[in-house]
Amino acid sequence: MRSTHVNGVKIAYELHGKGEPVLFVHGFPLSRRLWKHLVGPLQDRYTLIMPDFRGMGDSDATAAATMADYADDLAGLLDAIGENRRVVVVGLSMGGYIAFEFFRRHGERVRALVLADTKADADTPEAAKGRLETAEKVKAGGSAVVAEAMTPKLFAKSADKALIEEWRGVMAATKPEGVVAALSALASRPDSTGTLGQIRVPTLIVVGEEDGITPPASSKAMHDGILGSKLEIISGAGHMTPVEKPREFVAAMRSFLDSLE
Ligand code: MLT
């Protein structure tokens, strides 16, 4: 693991491989471990930049954060490591919401997009209210509150028990301050539906067929909205496609990345 200070916050990251740069943005409340199966198969041809975003994994937390902060941290990280080429941005779920914000704020740095198990729409008022209530519970009861609430929703029916327990542990170990800040950022995030029509870079959309958090219908809506985008629906996967069906996820990524050359 490496780390650097970006916008006054310590950001932990991994850097692997050589070649065109690919920036990976995990979901909530997860960590860069989400991408572990991609390193072996992709590092021979690509530079893989895998941060924990602010408040998650080994990165430091701040009391408050917005989607703009997370997006600017990514741009700051690229600057800090001297990466000035355009990058392929891969975002899963909240990582996709951050990828949209990165596209709006730093679009000139985006070579292509991979939107995995995510959606363009903002929270409904009820969903946003629920997030803020959850944040209060996390302040009192720690991150286990979120781990228990989310674990049953993340995986396909056939998912391996050990895999589910691994991720329950990752979520429970996330800093409560980071979880609280992210819940508020999620609740107040902008709607990205209007951004879809502005995306003119190659885009791959991937979703697990059994994703109950950002279901295939949300991916189909993004596919309809993004000109020339490609949609891959992976069977036997829920919301955690890169760890539930790594081989299929890698194959979709590899053929997309290779097609960019
Ligand atoms: C995620 O996986 O990043 C979150 O579940 C996204 C969300 O709650 O909207």
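Here the structure is a predicted model, which is why all the values come from computation and not from measurement. (Residues numbered from 1 in each chain as written. Predicted model: local features only at pLDDT ≥ 70, side-chain atom pairs only at ≥ 80, totals over all residues. Heavy atoms only, no water.)

Draft legend 1. Inspection of the site of the ligand at higher detail. All residues adjacent to the ligand are G27, F28, S93, M94, Y97, R131, M150, I213 and H239. At 2.7 Å from an oxygen atom of the ligand is found a main-chain nitrogen or oxygen belonging to F28. In this structure, R131 approaches the ligand through a side-chain N or O atom, which is 2.8 Å from an oxygen atom. For the ligand, whose free accessible area comes to 270 Å², the fraction covered by protein is 95%. Taken together, the residues that form the shell around the ligand break down as 5 nonpolar, 3 polar and 1 charged. (Near = heavy atom within 4 Å. Polar contact = N/O pair within 3.5 Å; in protein donor to acceptor, adjacent residues only side chain to side chain. Areas by Shrake-Rupley, 256 points an atom, 1.4 Å probe, with all protein chains shown as cover. Nonpolar A, V, L, I, M, F, W, Y, C, P; charged D, E, K, R; others polar.)

Draft legend 2. Molecular detail of the packing of helix α2 (residues 67-80) against helix α3 (residues 94-106). The N-to-C vectors of α2 and α3 enclose an angle of 70°; their axes lie 8 Å apart at closest approach. By the angle class used here, α2 and α3 are roughly perpendicular. Facing M67, A68, Y70, A71, D72, L74, A75 and L78 of α2, the residues of α3 in contact are M94, Y97, I98, E101, F102, R105 and H106. When the residues that make up the contact of α2 with α3 are grouped by side-chain class, the tally is 11 nonpolar, 1 polar and 3 charged. (Axes fitted to C-alpha atoms, helices over the stretch in contact; angles between N-to-C directions. Helix = DSSP H or I, 4+ residues; strand = E, 2+ residues; numbered from the N terminus. Parallel < 35°, antiparallel > 145°, perpendicular 65-115°, else oblique. Contact = heavy atoms within 4.5 Å.)

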